[in-house]
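# Secondary and tertiary structure notes
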Amino acid sequence: MRAIEFSLLLTLVLSTFPLFASEEKPHAPAEGHESERMAEHNARTSSRDVKIPRALVGKIEEEYKAYLTKLEGGAKREAIKRALININAELTQKHPGALHENTRISTPTGGGVVDLSEMVTPVRGAFRLKLVARKENGSPLTTARVFFVSRAKTRILAGEEYGAGCDKYMDISTQFHKKWEKGMDLYTADQRYLSVIGGTFIFAEYDKDALYVGSVTFTDSRHPGLLCE
């Protein structure tokens, strides 16, 4: 599948614009376990060099044009005004071990790349990932579409398949808003977490004033062999 650099999409913005398999649960996190105190970290890299499939960029733009056409009673708007989404990632655990500490990660405007080697330990355990996305002006998203582009190689663990493969994308909007908006449970045994979230989450908010976009990419520099080139 051909891909373009995510920097193209962000440049346009600035100038004008089953994946989650069942898992072994050694210590499953529970609702409401998050500590009030979280260490603050910043993603070291922006999303400008992250690649996303060309087809997905086209899908988002065409869906937004269709949204505007319906909103404006059939009138077509050729030019698309674009804006950015800010995304924070929160990593928490119920039982100490999987994480060095509960952590909130801030990304640059429009998104960033998070190296989990700085937060996740080699200890067998579980943690929860929550993604919090807002428009660049701070207002909440209301009807965000959420997509995932996998960069995790497919592998078999305990008879189950993990990892969706290289540069494969999927619309996870329904699952995200129904379940994962409050956080997704991840497990460190055999680096299962990396096969689940290794890749890029893309948020797209279709608003009458602008097409808002942002992304966050998860990787782990300790385990390059589990990810695509």
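Please read these numbers as outputs of a predicted model, since none were measured by experiment. (Residues numbered from 1 in each chain as written. Predicted model: local features only at pLDDT ≥ 70, side-chain atom pairs only at ≥ 80, totals over all residues. Heavy atoms only, no water.)

## Quick notes on the overall build of the chain
The helix and strand inventory of the chain stands at four helices and 15 strands. In the chain, buried positions account for 50% of the 229 residues. (Helix = DSSP H or I, 4+ residues; strand = E, 2+ residues; numbered from the N terminus. Buried < 20%, exposed > 50% of the residue type's maximum accessible area, 1.4 Å probe, protein only.)

## Quick look at the packing of aromatic side chains
Scanning the model with the defined rule gives seven aromatic pairs in all. Judged by centre distance (5.9 Å) and plane angle (55°), the rings of tyrosine 64 and tyrosine 206 are tilted. Of this pair, tyrosine 64 sits in helix 2 (residues 54-71) while tyrosine 206 sits in strand 14 (residues 199-206), and the two are 142 residues apart along the sequence. Classification of tyrosine 64 as buried rests on a relative accessible area of 0%. Both rings, one in phenylalanine 176 and one in phenylalanine 203, keep their centres 5.4 Å apart while their planes meet at 85°; by these two values the pair is edge-to-face. Separated by 27 residues along the polypeptide, phenylalanine 176 in helix 3 (residues 173-178) and phenylalanine 203 in strand 14 bring together distant segments of the chain. The structure contains a cluster of three or more aromatic residues connected by ring pairs, namely Tyr64, Tyr67 and Tyr206. (Phe/Tyr/Trp six-rings, centres within 6.5 Å; stacked < 30°, edge-to-face > 60°.)

## Some points on unusual backbone geometry
Phi angles above zero are rare outside glycine, and alanine 158 is one such case at about 50°. You can call alanine 158 exposed: its relative accessible area is 75%. Positive phi, normally seen in glycine, also occurs at aspartate 167, with a value near 60°. Inspection of the secondary structure assignment puts aspartate 167 in strand 12 (residues 165-171).

## With respect to the side chain of arginine 155
Of note, arginine 155 is situated in strand 10 (residues 155-157). Of the side chains with opposite charge, aspartate 190 lies nearest to the buried arginine 155, which makes no salt bridge, at 5.9 Å. A polar contact is formed between the side chain of arginine 155 and the backbone oxygen of aspartate 190, at a distance of 2.6 Å. Polar contacts involving the side chain of arginine 155 include one to the main-chain carbonyl oxygen of glutamine 191, which spans 2.9 Å. If sequence neighbours within four positions are ignored, arginine 155 has contacts with Glu160, Glu161, Tyr162, Asp190, Gln191, Arg192, Ser195 and Leu226. (Lys, Arg positive; Asp, Glu negative; His and termini not counted. Salt bridge = Lys/Arg side-chain N within 4 Å of Asp/Glu carboxyl O. Polar contact = N/O pair within 3.5 Å; in protein donor to acceptor, adjacent residues only side chain to side chain. Contact = heavy atoms within 4.5 Å.)

## Observations regarding the state of the cysteines
Scanning all chains against the criterion turns up one disulfide. The side chain of cysteine 166 participates in a disulfide bridge whose partner is cysteine 228; the two sulfur atoms lie 2.1 Å from each other. Disulfide cysteine 166 to cysteine 228: torsion about the S-S bond roughly -100°, handedness left-handed. Of this pair, cysteine 166 sits in strand 12 while cysteine 228 sits in the segment after strand 15 (211-219), and the two are 62 residues apart along the sequence. Here cysteine 166 falls in the partly exposed class, since its relative accessible area comes to 41%. Judged by relative accessible area, which is 10%, cysteine 228 ranks as buried. (Disulfide = S-S within 2.5 Å.)

## Brief notes about the pattern of salt bridges
Tallying each qualifying case throughout the model produces twelve salt bridges. Between glutamate 62 and lysine 65 there is a salt bridge, with the nearest N and O atoms lying 3.9 Å from each other. Residue glutamate 62 and its partner lysine 65 are both found in helix 2; the two are separated by three residues, about one turn of the helix. Residue classification places lysine 65 among the partly exposed positions, given a relative accessible area of 29%. Through salt bridges with shared partners, a single network forms among Lys59, Glu63, Arg145 and Asp171.

Read these as spatial facts, not as claims about activity.
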